[in-house]
Amino acid sequence: METGTSRPLGDGTYADRTPDWHPDGTRVIFSTRRDDTGFDLWEADVESGAAWRLTDLPGDESEPAWSADGQHLVYIHEHEGRWSLVLKRSGYVAEVLAASSQPIRAPSWRPDGSLVTWLAYADGAWQLNMTILSEPRLTRTLMRDQDFFLSPVAWANRHQMIYTADGLVRTRRFNAWESQTLPFRANVGSASGFAELPPQNRAPPPVPAPDGRRILRVDRVWDGLSGSYRTDEDIVI
């Protein structure tokens, strides 16, 4: 299915969001609002485009994540100011792993399926929690006192987590007390592909504050609202 091209899975009629690939690579699960029950979870076959609904709870279901073996699903449910982390195991009824009057976000599976990490808002800040899928379930705070970016934890393997906090990409071993900054370099791409630039180990020159109005003329910019880039725009500062 590697064609090198992109194509929409929907026709733009509905508000679709928070997609996640099924591990077998043939299906995509996503949250969409298609009737009066709020946002529900649907799944679409990539090849045919056929879609079917997986949930129809009152309120909104979003941020679905499949386990590595594709058998189990976690997602966020919000209804009347209550947030829940929901586990749907294959062959079992849905189970609430955690519930709160404060937002819950960004669930993620450990590759071996032994636990789920998720972000919880508490005491005016976000913290990273984990629910160990033992019997009984155990929920613990894994990390706090960091400015977490609201995205799921990524796992290099069952021992190594990768996440973003304090404006940095961070990595931490599961059994460690502290994390480390993960250095990376991003090259500026072109419309036809990514340009290979030589490494430059220098700080950018300081930019003085403007003393009045400034106009930036750009050949391409994305405004965050349109469905594509805008070209030949003037930005007034």
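Quick note: structure is the one above.
The structure presented is a predicted model; accordingly, all values stated were derived computationally and were not measured.

## Points about the pairing of strand E2 (residues 27-33)
Turning to step 1, where the next piece is worked out: Counting buried residues in E2 gives five out of seven residues, a clear majority hidden from the surface.
Turning to step 2, where the next piece is worked out: Here strand E1 (residues 15-21) pairs with E2 via five bridges, running antiparallel. In the strand pairing of E2, Ala 15 is matched with Arg 33.
Turning to step 3, where the next piece is worked out: Connecting E1 to the antiparallel partner E2 that follows it, the hairpin turn spans five residues, and Gly 25 within it adopts a positive phi of roughly 75 degrees.

## Overview of a nonpolar patch on the surface
Turning to step 1, where the next piece is worked out: A grouping of Leu 216, Ile 235 and Ile 237 is seen on the molecular surface, where their side chains present a nonpolar patch of about 250 Å² in accessible area.
Turning to step 2, where the next piece is worked out: Considering the arrangement of structural elements, one finds Leu 216 in strand E19 (residues 215-221).
Turning to step 3, where the next piece is worked out: Leu 216 sits in the partly exposed class, given a relative accessible area of 43%.

## Side note on empty space enclosed by the protein
Turning to step 1, where the next piece is worked out: What the rule picks out here adds up to one cavity of 30 Å³ or more.
Turning to step 2, where the next piece is worked out: In this structure, the largest cavity spans a volume of roughly 60 Å³.
Turning to step 3, where the next piece is worked out: Around the largest cavity, the lining residues are Ala 106, Leu 119, Leu 128, Phe 148, Phe 149, Ser 151, Val 153, Tyr 163 and Thr 164.
Turning to step 4, where the next piece is worked out: Of the residues in the lining of the largest cavity, the class split is seven nonpolar, two polar and no charged.

## Describing the sheet that holds E1
Adjacent strands of a sheet pair through backbone hydrogen bonds, lying either parallel or antiparallel.
Turning to step 1, where the next piece is worked out: Pairing is antiparallel in the open sheet, where four strands are placed in the order E1-E2-E3-E4. Each having just a single partner strand, E1 and strand E4 (51-53) make up the two edges of the open sheet. Sheet twist, expressed as the average angle between the axes of neighbouring strands with direction ignored, equals 30 degrees.

## Things to note about the packing of aromatic side chains
Turning to step 1, where the next piece is worked out: What the rule picks out here adds up to three aromatic pairs.
Turning to step 2, where the next piece is worked out: A ring pair is formed by Tyr 121 and Trp 126, whose centres lie 5.2 Å apart and whose planes are at 65 degrees; its orientation type is edge-to-face.
Turning to step 3, where the next piece is worked out: Geometrically, the ring pair formed by Trp 155 and Phe 174 is tilted, given 6.4 Å between the ring centres and 45 degrees between the ring planes. With Trp 155 in strand E13 (residues 154-155) and Phe 174 in the loop between strand E15 (168-173) and strand E16 (180-181), this pair connects stretches of sequence that are 19 residues apart.

## Regarding the environment of Asp 219
Turning to step 1, where the next piece is worked out: Mapping Asp 219 onto the fold places it in strand E19.
Turning to step 2, where the next piece is worked out: Given the relative accessible area of 59%, Asp 219 is considered exposed.
Turning to step 3, where the next piece is worked out: Separated by eleven residues in sequence, Asp 219 and Arg 230 place their C-alpha atoms 8.2 Å apart.

## Brief notes about the pattern of salt bridges
Turning to step 1, where the next piece is worked out: Summed over the entire model, instances satisfying the criterion amount to nine salt bridges.
Turning to step 2, where the next piece is worked out: For Arg 110, the salt bridge is made with Asp 112, and the minimal N-O distance between the two is 3.9 Å.
Turning to step 3, where the next piece is worked out: Residue Arg 110 is classed as buried on the basis of its relative accessible area, which comes to 8%.
Turning to step 4, where the next piece is worked out: Two residues, Arg 158 and Asp 112, come together in a salt bridge whose shortest N-O distance is 2.9 Å. Of the two residues, Arg 158 sits in the loop between E13 and strand E14 (160-165) while Asp 112 sits in the loop between strand E9 (104-109) and strand E10 (115-122), which places them 46 residues apart along the sequence.
Turning to step 5, where the next piece is worked out: Using a relative accessible area of 37% as the deciding quantity, one classes Arg 158 as partly exposed.
Turning to step 6, where the next piece is worked out: Ionic contacts of the salt-bridge type, sharing partners, join the residues Asp 24, Arg 27 and Glu 43 into one network.

## Notes on the layout of surface pockets
Turning to step 1, where the next piece is worked out: Volume-wise, the second largest pocket comes out at about 260 Å³.
Turning to step 2, where the next piece is worked out: The wall of the second largest pocket is formed by 16 residues, among which Asp 20, Pro 64, Ala 65, Pro 107 and Pro 152 lie closest to the centre.
Turning to step 3, where the next piece is worked out: Elements with a minimum of two residues in the lining of the second largest pocket: E1, strand E5 (60-66) and E9.
Turning to step 4, where the next piece is worked out: Of the residues that constitute the lining of the second largest pocket, the class distribution is eleven nonpolar, three polar and two charged.

Conventions adopted
- Residues numbered from 1 in each chain as written.
- Predicted model: local features only at pLDDT ≥ 70, side-chain atom pairs only at ≥ 80, totals over all residues.
- Heavy atoms only, no water.
- Buried < 20%, exposed > 50% of the residue type's maximum accessible area, 1.4 Å probe, protein only.
- Helix = DSSP H or I, 4+ residues; strand = E, 2+ residues; numbered from the N terminus.
- Pairing = 2+ DSSP bridges.
- Patch = residues over 30% accessible without salt bridge, like charges linked within 9 Å, V, L, I, M, F, W, Y side chains within 5 Å.
- Areas by Shrake-Rupley, 256 points an atom, 1.4 Å probe, with all protein chains shown as cover.
- Salt bridge = Lys/Arg side-chain N within 4 Å of Asp/Glu carboxyl O.
- 1 Å grid on protein atoms, 1.4 Å probe; cavity = no way out; pocket = protein on both sides within 12 Å on 5 of 7 lines; lining within 4 Å.
- Points joined across faces, edges and corners; volume = space filled by probe spheres on them.
- Nonpolar A, V, L, I, M, F, W, Y, C, P; charged D, E, K, R; others polar.
- Axes fitted to C-alpha atoms, helices over the stretch in contact; angles between N-to-C directions.
- Phe/Tyr/Trp six-rings, centres within 6.5 Å; stacked < 30°, edge-to-face > 60°.

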